[in-house]
Each structure stands twice: as C-alpha cells, then as structure tokens.
Amino acid sequence: MKAAVMRVNNDPLSIEELNIDDPAPGEVLVKTAASGICHSDLHMIEGGIPMPPPAILGHEPSGIVEAVGEGVTEVAPGDHVIGCLNRWCGVCKFCTGGRPHLCLSTYMPTRAPDAKPRITDANGEALNQLGDLSSFAEKMLCPERNLVKIRDDMPLDRACLIGCGVTTGLGAALKTVSIPAGASVVIIGCGGVGLAALQGARITGAGKIIAVDAQSWKFDLAKSMGATHCIDATDGDPIAAVQEITGGGADFVFECIGLVPTVQQAVAMTGRGGTAVLVGVVPVTEMVPLSAADLTLSEKKVVGSFMGSNEFRVDMPHYIDFYLDGRLMLDEMISSRIALDDINEACDAMRKGSVARQVIVFD
Ligand SMILES: NC(=O)c1ccc[n+]([C@@H]2O[C@H](COP(=O)([O-])OP(=O)(O)OC[C@H]3O[C@@H](n4cnc5c(N)ncnc54)[C@H](O)[C@@H]3O)[C@@H](O)[C@H]2O)c1
Ligand SMILES: [Zn+2]
Ligand SMILES: [Zn+2]
C-alpha cells in the first residue's frame, strides 16, 4: 500500500510503497476512504508534538472495513467507520468515570514489542503509527476500539472531518464547558478546529459569537457558520476590540491556534468570571506567562480541552446526525480535496493559513 512517511522532522513526507500485516486478534484492517489534514500533523512534522520518526501521520480518517481479526465483534467487513486516536481501555478510572478521552491507553503500544510490526517499509523496517491510525495511507490496521461504525448514508469524504477537528472543536463547546444560551463567545483561529468550535457555540445558543483570525478571507466562512462579529487580528488590537463588543470581556474564549501570544490574548479577552478554553496545542517546548493576579482577582478559569472531551462511540454518530439534519456545516469547511501525492503542498497551504480544511481522498 502507498503511504506518506515522515522520515525526519521538518522534511517533506516521502511517498512510499509499504507492507501492511493481516489483522491480529482484536484488530481491524480498514481501506482508507478519506483523511483530513489537521494542524496537529504539522506539529508532529515540526516537532511541537513529539512523534518519533519513521512514522506515518494522519489521524482524521474515514474508511471501509476490509477484514477483521479474531474476536472482533463491533465491526464487520463492509462497515463504514471513522477512526479516532482516543482508543479506550474500558476499565481505567477515566473510562469508568465517563471521560474515556483521557484514557492513557491512547498512548500505549498495542502489539507486543516482540510481535511482528503492523507496517514495514521495503527494507523490513517497522514504521511508527500515530494513535494506531496512520491515515496518510491507503490502508489502516488498528485495534477495533479506535473505530466507530457510522451510517452508510454519510458521505465518507465529509465523515473523516469528525475523526479529529470537528469532534475537537464541537466538543470543546458542547462537552468541555457548558455555554448558557445568550453567553458571549470568542473563537480565536478559524481553521478546521475553530470553525467547529464556532458551530458548537451556535448550536448551544450563544449570543455574540466573535471570530478572530489573521486571514480576513475566512470571515465570510465564519459568518456563514454563525459568527456575529469578526475581528482581523492583523488590524489593531484584538483584545480591545473584543472588550468593546462584549462590554469588558467575553464569557467564553476558545483558543484554537496554539501560539503563546494568542493564549495570552485568550485570557485577556475573557471577562470577569469567564472561561478561557485552550484547544490549540502550544509546542511542548514553550511556556505561557500569564498574570495570576488577573485570574484570581477576576475569577477567570483557564481550562484545557483534549479531543473535544469525547466519548467518540456516542458523540460521532450524533455529530453525523447533526450534519445530515442540516445543523452542522461540513461541506463549507473543505477548501480542497487532494490526492495523497499532494500532501506536502497541502502542508504548506496549512502553514500559510490559505485553507480551512483539506481532505485527502483515496480511490
Ligand atoms: N485539543 C485538541 O485535542 C486538539 C485536537 C486537534 C487539533 N488541535 C490543535 O488545534 C490547533 C488548530 O488546529 P487546526 O487544524 O484548526 O489548524 P489550522 O491551521 O487549520 O487553523 C489555525 C487558524 O489560526 C489562524 N491564525 C494563525 N495565526 C494567527 C494569529 N496570530 N492570530 C489569529 N489567527 C491566527 C490561521 O489563519 C488559521 O485560520 C492546532 O494547534 C492543533 O494542533 C488540538
Ligand atoms: Zn487533529
Ligand atoms: Zn481507560
């Protein structure tokens, strides 16, 4: 099968022919239908999120089950599925406490170290799999608990977006925090994740929904998805602009970029008693200085939101219903559909901010 391989950080991904094993007990072989490209993939290429090469990235996939290993009961060949990197163990305190997205099994290798590797290159060298998924490849071999079966009438080139970006953004607004009707909300960063958070704010009945981005062409998109105000971060002081629109600061601010200055802006834009939700991933090597006095004296909360606080086997089918019922806009989020061979150009486009979401479509 063909896949895009990260050989060295910061280098272009190399398109290679690889070998993929048959499913072991509990595993599923999936023919990848489509994969979104998320900024977290770019963070891994650039080293901001650790992922040891050689590796196959990609973690926002949809596909069709091709074969299942012994003991697999929840999906069968022919099923349409979405893959999510939040594989869950079902028995830890997070899984049994209703927060399976925090289950640490997401980071645990699932094949024994001495077992045959799932994916090898032409020299027989094993390749690391991102979240057991690795969707920048024609096929995925993963544990069944990385997958959720979905409705057959959901188009797979849009379903993939729900695998990460949409679940992350929508879930940040619908699950990580509870937004009362009429509350003021700011979304900083209108990429795939931010536009989904913006739609989550609209679905909860937020009042003012303020979109902030450095690319003003995104504002028509943001308005079509529910933004009531848009602020160009390159034109004046975005903090002052939010304070003016909200009368002193917003009830909820979602940082959906992952930069030190925009995290600081998010906290500054948050009003007294409000909540800043950190969705963007700041590179692990960087720290964010914040005024503790501001947090204390204005009783602001700063909360992290990981993968939309998902219970993905339950949430993703709901999000698909939202789309098919017309309450969630996905078509508009897709700036382009590309072939796997064009992945490096797609990464450059994401770096420049010239796209919302790009989707790799497989034959
Ligand atoms: N918390 C999680 O579980 C989780 C899951 C997925 C992605 N993420 C992270 O969310 C972030 C966003 O991901 P994405 O795929 O939507 O990225 P993206 O590149 O598609 O979107 C980022 C947006 O921010 C805008 N932007 C960049 N710099 C700006 C600035 N200084 N001021 C204002 N706007 C600016 C860009 O124009 C773009 O619209 C990334 O850090 C990603 O790693 C987090
Ligand atoms: Zn992602
Ligand atoms: Zn668990």
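Keep in mind the model is a prediction, meaning the values are calculated, not measured.

Rules used throughout
- Residues numbered from 1 in each chain as written.
- Chains lettered and ligands numbered in written order.
- Predicted model: local features only at pLDDT ≥ 70, side-chain atom pairs only at ≥ 80, totals over all residues.
- Heavy atoms only, no water.
- Near = heavy atom within 4 Å.
- Polar contact = N/O pair within 3.5 Å; in protein donor to acceptor, adjacent residues only side chain to side chain.
- Areas by Shrake-Rupley, 256 points an atom, 1.4 Å probe, with all protein chains shown as cover.
- Helix = DSSP H or I, 4+ residues; strand = E, 2+ residues; numbered from the N terminus.
- Nonpolar A, V, L, I, M, F, W, Y, C, P; charged D, E, K, R; others polar.
- Buried < 20%, exposed > 50% of the residue type's maximum accessible area, 1.4 Å probe, protein only.
- Contact = heavy atoms within 4.5 Å.

Peer 1: Can you walk me through the site of ligand 1 in this structure?
Peer 2: Neighbouring ligand 1 are 29 residues; H39, D213, K218, M307 and R357 lie closest to it. Between ligand 1 and I257 there is a distance of 2.7 Å, counted from an oxygen atom to a backbone nitrogen or oxygen. Within the backbone of S305, one N or O atom sits 2.8 Å away from a nitrogen atom of ligand 1. Relative to its unbound accessible surface of 860 Å², ligand 1 loses 89% to contact with the protein. Elements represented by at least two residues in the shell around ligand 1 include exactly helix 1 (39-46) and helix 5 (192-204). Of the residues forming the shell around ligand 1, the biggest block, three residues, is contributed by helix 1. A class-by-class count of the residues in the shell around ligand 1 yields 15 nonpolar, eleven polar and three charged.

Peer 1: Sorry if this is basic, but what is going on with the side chain of T246 here?
Peer 2: Inspection of the secondary structure assignment puts T246 in helix 7 (residues 238-246). Owing to a relative accessible area of 17%, T246 belongs among the buried residues under this scheme. In terms of polar contacts, T246 uses its side chain to reach the backbone carbonyl oxygen of V242, at 2.6 Å. Residues within four places of T246 in sequence aside, it is in contact with S184 and I210.

All we've got here are geometric facts, nothing functional implied.
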